[in-house]
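Chain and residue survey
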Amino acid sequence: MHELKGLLRQAAGRFPERTAFIEPEGGSITYAGMLELASRLSDFLLSQGISPGDRVGFCLPKSILSAATVFGILESGAAYVPLDVEAPASRNSYILENCRARALLATPGLGEAYAGQFQGRCVIREAPGLPLVLLVFDFQAATPLEIPAGLAYILYTSGSTGMPKGVLITHGNAYCFVEWAGRAFGITEADVFSSIAPFHFDLSVFDLFTAVLHGAAVVLINHQMAKNPMQLAALIDDYRISVWYATPTTLKMMLRFGRMARYRHDSLRIVLFAGEVFPIPPLREVMERWAGAGFYNLYGPTETNVCTFHPIPAAIPEAQKAPFPIGRACPYARCRLLDGERSYALQPGLEGELIVAGESVMAGYLNLPERNEQAFWWEAGENWYRTGDIVRVNAEGEMEYLSRKDRMVKRHGYRIELGEIESALHRHPDIAEAGVVSMQGEGQDMQIVAFYSTIEPQAAIPLLSLTEFVLQQLPAYMAPDRFVHLAETPKTATHKVNYQALMQMV
Amino acid sequence: MDTIKGKVRDFLVGELNLPISQEELKDDTPLLSSRLIDSISALLLVEFLEKQYGIEFKPHEVSHDNLDSLDLIAAFVEDKQGGHA
């Protein structure tokens, strides 16, 4: 049985004394120590009535303890639901209730706050000997949730309806990627991984589980350090990191602000990037700086995990201007292109929406039967996930990313449904209508611009209070860069917001 | 102290285009924790301070503790300058 669950135990058997996790400024722990900690958490969860198939959330800053929580929840047989410590409490509460979490592990402070939110529907317990509390919930519901067998974790992604969607990932879905990545990148116990992405972001699956599968060490980089390129550049040197996995945004920030020349980065062996397009000039620059490392472009939405990859040539040809392809399917994934009502096998010159089937594809979205209908294309007796990404097959048979089909954009590697921002704005008592657009300027970062009209047409809302309102409902990465007050929102013939007209007003 | 705050205020409102007026930006207005300043703007501010005052931030000093308000920024800069003297 291929599961994430047993990985830590295996590693602790093979490499008990090797360093498993390192917390900069906070010490480190061996594999034996990590297993002991995760087992204590698992025993505690089981003693509180958590059983296999249950969902257990956690809201903790990234640390040895939060990594142990992931493994402890899995060890208990439950699935983990990572919450963003920086997200508004209302969003996290929605997630806990949406997946009918059986329990939440949190710092005592956060635990108290959530206990207040769920008054009467939860009890709070102290985790013996650990700076954690457990909230045990009682979410009454008439109909049971459909939970797939072998559920490992649920990651919530931005939803166009205004509420995040729970992506159900089983042990099998995750394991095939974790196992392949270990082989593809030649991972051994001598490697030292970076863990930059937060645990609610799917890049973290590689950092945590591929490392543990091979007994490598993981440097846990918390959300503040992850935004500080000077610290990131120093950490590679301090801990002799060999495997670095980040979004192109992070790498670009390191080039610009990281004072890279001051540090020894010759320990880097593998550099992986994913989550967004990497323009050639900064990629060239980072490759020149980290000349000893192999670079790979990984591609895959949360729903399929990484499903294609492309090795970047050691020397980027002088003539290369377009970003590198997303490449070919990983061995566990199959790709086809959807064009209208038909799907096609990949062949040079073809263009269409990428659809993906195979072991890594999610079981579905939690409790969203209609959304699941739309998300999958049924063919040849199996479900193909519709990525919404338009790709083209080049002469070498590799896929090149062209654009998004819907209104989802990416910023700093995070997926953002513009409709979710609109929904948040629509909850403001003074806003009559909102239209949100994104702009990709030449050589600039993507900008999100929110247009809105008010019930009192002349009464623009003060910027600070508008920003505050948005941040009460959405994580900071979804906040618009600009707000523009309009007397009236432009409309199409069918009375829908005219986004073309809004784009021209930016 | 006043001149540091004045110069930083000019920089934040004038150069970084913070969506807030000079008058609204008080000495204790939270900058990072309120998300008035994003992480890139914070780094641009660090560059400005280093250049303007001939100081250097250590990687871990680029933090809320030293940058979250004009008061904190001025105190940090003065401390650094004092340390050099």
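Residues numbered from 1 in each chain as written. Chains lettered and ligands numbered in written order. Predicted model: local features only at pLDDT ≥ 70, side-chain atom pairs only at ≥ 80, totals over all residues. Heavy atoms only, no water.

**Let's talk about the overall build of chain A**
This is how it is decided: Working definition: helices are DSSP H or I runs of at least four residues, strands are E runs of at least two. Numbering for both runs from the N terminus. The size measure is the radius of gyration over C-alpha atoms, and the globule rule it meets is 2.2 Å times the number of residues to the 0.38 power. Relative accessibility thresholds used throughout: buried, under 20% of the residue-type maximum; exposed, over 50%; partly exposed, between the two (1.4 Å probe, protein chains only). Areas reported here follow the Shrake-Rupley algorithm with a probe of radius 1.4 Å; residue values treat only the protein chains shown as occluding.
In terms of regular secondary structure, chain A is built from 15 helices and 28 strands. Compactness check: chain A gives a C-alpha radius of gyration of 23 Å against a globular reference of 23 Å for 506 residues, within 12% of the reference. With the C-alpha coordinates of chain A rotated into their principal frame, the extents come out at 65 × 65 × 55 Å. Within chain A, buried positions represent 58% of all 506 residues. Summed over its atoms, the accessible surface of chain A is roughly 20,600 Å², and 50% of this surface lies on carbon and sulfur atoms.

**Structural notes on the nonpolar core**
As a rule of thumb, nonpolar side chains are buried together in soluble globular proteins. Residue and element names in this part refer to chain A. For clarity, the cut-off: Here, nonpolar core means buried Ala, Val, Leu, Ile, Met, Phe, Trp, Tyr and Cys residues that are tied together by side-chain atoms lying within 4.5 Å of each other. For this analysis, residues touch if any pair of their heavy atoms sits within 4.5 Å.
Ranked by size, the top nonpolar core spans 117 residues in total, and within it F21, M34, F185, F209 and L425 carry the most contacts. Residues in contact with F185, not counting those within four places in the same chain, are W180, F206, R269, I270, L272, Y296 and L298. I196, A217, W244 and F324 belong to the second largest nonpolar core, which has 33 residues in total.

**Points about the packing of helix α2 (residues 31–47) of chain A against helix α3 (residues 64–75) of chain A**
The description of two helices packed together rests on the angle between their axes and the distance between the axes. All names here are of chain A. The following threshold applies: Note on method: axes are straight lines fitted to C-alpha atoms, helices fitted across the in-contact stretch only, with angles between N-to-C directions ranging 0 to 180 degrees. Orientation is classified from the angle alone, with under 35 degrees giving roughly parallel, over 145 giving roughly antiparallel, 65 to 115 giving roughly perpendicular, and any other angle giving oblique. The hand of a helix crossing depends on one turn: near helix anticlockwise from the far one by less than a right angle means left-handed, and clockwise means right-handed. Residues are grouped as follows: Ala, Val, Leu, Ile, Met, Phe, Trp, Tyr, Cys and Pro are nonpolar; Asp, Glu, Lys and Arg are charged; every other residue, Gly included, is polar.
The interhelical angle for the contact between α2 and α3, taken along N-to-C directions, is 55 degrees, at an axis separation of 8 Å. Judged by the angle between their axes, α2 and α3 are oblique. Relative to α3, α2 is oriented so that their crossing is right-handed. From α2, M34, L37, A38, L41, S42 and L45 reach across to α3, where they touch I64, A67, A68, T69, F71, G72, I73 and E75. Residue composition of the contact of α2 with α3, grouped by class: 10 nonpolar, three polar and one charged.

**Topic: the pattern of salt bridges**
Heads up, the rule is: The rule for a salt bridge is simple: a side-chain nitrogen of Lys or Arg has to be within 4 Å of a carboxyl oxygen of Asp or Glu.
All told, the structure shown has 24 salt bridges over all chains when counted by the stated rule. E86 of chain A serves as the salt-bridge partner of K227 of chain A, at 3.1 Å between the closest nitrogen and oxygen. Of this pair, K227 of chain A sits in the loop between α8 (223–226) and α9 (229–239) while E86 of chain A sits in the loop between β4 (79–82) and α4 (89–98), and the two are 141 residues apart along the sequence. Residue classification places E86 of chain A among the partly exposed residues on the basis of a relative accessible area of 30%. Where salt bridges share partners, they join K5, R9, D27 and D71 of chain B into one cluster.

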